[in-house]
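# Structure assessment
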Amino acid sequence: MVDASALGATGTPFVLDVERGKIREFARATFAPVPDEDAPISPPTFLTTAFHWQSAASDPWEQVRMDPSRGLHAEQELVFHGPPPRAGDRLIGTSRIDEIYEKTNRTGKTLTFVVMVTEFRDAAGRIVAESRLTGVETS
Amino acid sequence: MIPAPPPPLVVGPLTRTDLVRYQGASGDMQPVHHDEPFAKAAGYDRPLSLGMLHAGLLGTWAAGWLGAEHVRRFRVRFTAQAFPGDTLTCTGAVAEEHPDAVDVELSCTTQNGDVVARAWATFALEESP
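Remember, predicted model here, so these are calculated numbers, not experimental data.

### So, the overall build of chain A
Within chain A, the regular secondary structure consists of 1 helix and 5 strands. Reported as C-alpha extents along the three principal axes, the dimensions of chain A are approximately 55 × 35 × 25 Å. Across the 139 residues that make up chain A, the buried fraction comes to 30%. Put simply, of all contacts in chain A between residues at least 6 apart along the chain, 72% involve residues at least 24 apart.

### Quick notes on helix α1 (residues 20-29) of chain A
All names here are of chain A. Among all positions of α1, only Ile23, Phe26, Ala27 and Ala29 are buried. Buried residues along α1 cover an arc of 165° about the axis, so they all sit on one side. Two residues or fewer after α1 comes Phe31, characterised by a positive phi angle close to 60°.

### Observations concerning the nonpolar core
The biggest cluster of nonpolar side chains holds 50 residues, and the ones touching the most others in it are Leu57, Leu58 and Ala62 of chain B. Here Leu58 of chain B is in contact with Val76, Cys90, Leu106, Cys108, Ala117 and Ala119 of chain B, once residues within four sequence places are set aside. Ranked by size, the runner-up nonpolar core spans 5 residues in total, among them Val2, Ile97, Val114 and Met116 of chain A.

### Some details on the interface of chain A and chain B
Counting residues at the interface gives 25 residues for chain A, matched by 28 residues for chain B. Looking at the side of chain A that touches chain B, the elements with two or more residues in it are α1 and β2 (71-80) of chain A. For the side of chain A that touches chain B, the leading source of residues is β2 of chain A, giving 8 residues. Per-class residue counts for the side of chain A that touches chain B are 14 nonpolar, 8 polar and 3 charged.

### Examining the environment of Arg90 of chain A
All names here are of chain A. Counting through the fold element by element, Arg90 comes out in strand β3 (residues 90-104). Arg90 gets classed as exposed once you count the C-beta atoms within 10 Å, which come to 11. Residues Arg90 and Thr45 lie 45 residues apart in sequence; the distance between their C-alpha atoms is 17 Å. The contacts of Arg90, once residues within four sequence positions are left out, are Val15, Asp17 and Ala123.

### Focus: helix α1 (residues 16-26) of chain B
Asp18, Leu19, Tyr22, Gln23, Ala25 and Ser26 of chain B are the residues of α1 of chain B that are buried. Along α1 of chain B, the residues classed as buried sweep out an arc of 165° about the axis, all on the same side. Here the buried face of α1 of chain B lies against α1 of chain A together with α3 (51-66) of chain B. Phi for Gly27 of chain B, located one or two positions after α1 of chain B, is positive at around 90°.

### Here's the deal with the environment of Ser49 of chain B
Residues and elements named next belong to chain B. Locating Ser49 in the fold gives a position in the loop between α2 (36-41) and α3. Sequence separation between Ser49 and Glu105 is 56 residues; the distance between their C-alpha atoms is 22 Å. Aside from chain neighbours lying at most four places away, what touches Ser49 is Leu14, Leu19, His54, Ala82 and Phe83.

### Focus on the pairing of β2 of chain A
Where a strand is regular, its side chains alternate between the two sheet faces. The pairing of β2 of chain A with strand β5 (residues 127-138) of chain A spans 9 bridges and is classified as antiparallel. Considered in β5 of chain A, the bridge of Glu75 of chain A is made with Thr134 of chain A. Alignment of β2 of chain A against strand β2 (residues 71-78) of chain B, held across 5 bridges, turns out to be antiparallel. Residue pairing for β2 of chain B: Gln76 of chain A is matched across the bridge by Val76 of chain B.

### Some points on the sheet that holds β2 of chain B
In space, the 10 strands of this open sheet follow the order β1(A)-β3(A)-β4(A)-β5(A)-β2(A)-β2(B)-β5(B)-β4(B)-β3(B)-β1(B), with antiparallel pairing throughout. Both outer strands of the open sheet, β1 (14-17) of chain A together with β1 (9-11) of chain B, are each paired with one neighbouring strand and no more. On average, adjacent strands in this sheet sit at an angle of 25° to one another, irrespective of strand direction. Pairing between strand β4 (residues 101-109) of chain B and strand β5 (residues 115-124) of chain B: 9 bridges, direction antiparallel. The residue bridging Val102 of chain B from the neighbouring strand is Phe123 of chain B, located in β5 of chain B. α3 of chain B contacts β2 of chain A together with β1, β2, β3 (88-97), β4 and β5 of chain B of the sheet and is inclined by roughly 40° relative to β5 of chain B.

### Focus on unusual backbone geometry
Residue Pro13 of chain B is bonded to the preceding Gly12 of chain B through a cis peptide linkage, with omega at -5°. Tracing the backbone through its elements, the reader meets Pro13 of chain B in the loop between β1 and α1. Positive phi is not limited to glycine here, since Phe31 of chain A has a value of about 60°. Considering the arrangement of structural elements, one finds Phe31 of chain A in the loop between α1 and β2. Phi at Arg65 of chain A is positive, roughly 55°, even though this residue is not glycine. Residue Arg65 of chain A is classed as partly exposed on the basis of its C-beta count, with 15 C-beta atoms lying within 10 Å.

Here is what the cut-offs are and how they apply
- Residues numbered from 1 in each chain as written.
- Chains lettered and ligands numbered in written order.
- Predicted model: local features only at pLDDT ≥ 70, side-chain atom pairs only at ≥ 80, totals over all residues.
- Helix = DSSP H or I, 4+ residues; strand = E, 2+ residues; numbered from the N terminus.
- Buried ≥ 20, exposed ≤ 12 C-beta atoms within 10 Å, placed from the backbone.
- Contact = placed C-beta atoms within 7 Å.
- Arc of directions from axis to C-beta.
- Core = buried A, V, L, I, M, F, W, Y, C linked by C-beta atoms within 7 Å.
- Nonpolar A, V, L, I, M, F, W, Y, C, P; charged D, E, K, R; others polar.
- Pairing = 2+ DSSP bridges.
- Axes fitted to C-alpha atoms, helices over the stretch in contact; angles between N-to-C directions.

Listed below in structure tokens is the structure:
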């Protein structure tokens, strides 16, 4: 059961170093040509590799307490404020629980949607990308 | 000038190794995608594929078409499940042209015609010389 008090919960900032080897590994895993250049651009969904960099303190998703047997990943959106990051870039990510809302579907079931936004900034504090994860729990 | 879309990206039949490789690469080690007893306890016959793998395949196809450096927005909705043994076809088309960008719609479909993911993306267009 989603805990509505998680709205606004914000994780501690975390570092994500965009690495050449990780880009090559991710390209292979997503059936893309493996880039040979020194500083390849990261693929469109690469920032999902934040899994490797976040800790319990930087990831507020656990505070939502979505029931894993009734919860699903419904949507994922990436927004880039310029070209996506390249190998060698260091990003600082911050995740927050941005929205929690309910909808009733056609069969009268209540669906609870939770949106977690992760902002990625460069060392100067300029926003590079935002990731919006939408999870849904059925009643 | 928008280049012609490439042929669809066809991946499959998906293997469990494909799922494990994606999980290791992404860092999402959710056991329902590789641990058979866990998947059965969760109500599935067998481990299921990952929505974010399907999103990644759509990203591969679209970046191959319009260039990874040009993507500015990539939104994917997960609409159905896929399993090892399924063959996925990723393709898409232009939805709307703007002076400096193009909106595209993408889909990832199983051999049975089930759409497992849809995506809406915006790519910046190179300035004309």
